[in-house]
Amino acid sequence: MAKKLVIKVTAGADAPERCSQAFTVAAVAVASGVEVSLWLTGESSWFALPGRAAEFELPHAAPLPDLIESINAAGQITLCTQCAARREITENDVIEGVRIAGAQVFVSEVMAGDVQSLVY
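Now for a look at the structure at hand.

Conventions adopted
Residues numbered from 1 in each chain as written. Predicted model: local features only at pLDDT ≥ 70, side-chain atom pairs only at ≥ 80, totals over all residues. Heavy atoms only, no water. Helix = DSSP H or I, 4+ residues; strand = E, 2+ residues; numbered from the N terminus. Buried < 20%, exposed > 50% of the residue type's maximum accessible area, 1.4 Å probe, protein only. Arc of directions from axis to C-beta. Pairing = 2+ DSSP bridges. Axes fitted to C-alpha atoms, helices over the stretch in contact; angles between N-to-C directions.

### Points about unusual backbone geometry
Residue histidine 60 is not a glycine yet carries a positive backbone phi of 65°. The phi angle at glutamate 88 is positive, at roughly 55°, despite the residue not being glycine. Here glutamate 88 is to be found in the loop between helix H3 (81-86) and strand S4 (99-101). The exposed category is assigned to glutamate 88, whose relative accessible area is 71%.

This is how it looks when you write it as structure tokens:
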């Protein structure tokens, strides 16, 4: 099993099942003791903002705020620099613990040894 799991989620409310699946996999991995790095890009970028996940609904899925809380508590959530800039989101706007970083950091995480990556 990989020592670290890097997940890039591009989907938001525009593709709720894909979005929920990414957050669910990340939360289950964290709960299983896997080091997780979840990257918010595209429409999922909005979930870096306080309260936005509470607006997300998908029947028979775990509540997104709960998933984000568990991932943030034991993993790393990163908002893509360019995605944040396009949405005028700054470090002062995001949930505590969420960082804003770019492609260089993403590539270094993915290329590190013993890493598995997924894109949703």
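### Concerning helix H2 (residues 64-74)
If you check which residues of H2 are buried, you get Leu64, Leu67, Ile68 and Ile71. Looking straight down H2, one finds that the buried residues subtend no more than 95° of arc, so they occupy a single side. When the buried face of H2 is taken as reference, the exposed residues oriented beyond 90 degrees from it are Glu69, Ala73 and Ala74.

### So, the sheet that holds S4
Across the sheet, which stays open at both edges, the five strands sit in the order S4-S3-S2-S1-S5 with parallel pairing between neighbours. For this open sheet the edge positions go to S4 and strand S5 (115-119), each flanked by a neighbour on one side alone. Shown here is a sheet whose adjacent strand axes are inclined to one another by a mean of 25°, direction ignored. Where strand S2 (residues 35-40) meets strand S3 (residues 76-80), four bridges bridge the pair, whose relative direction is parallel. Each residue of the ladder has a partner; that of serine 37, found in S3, is glutamine 76.

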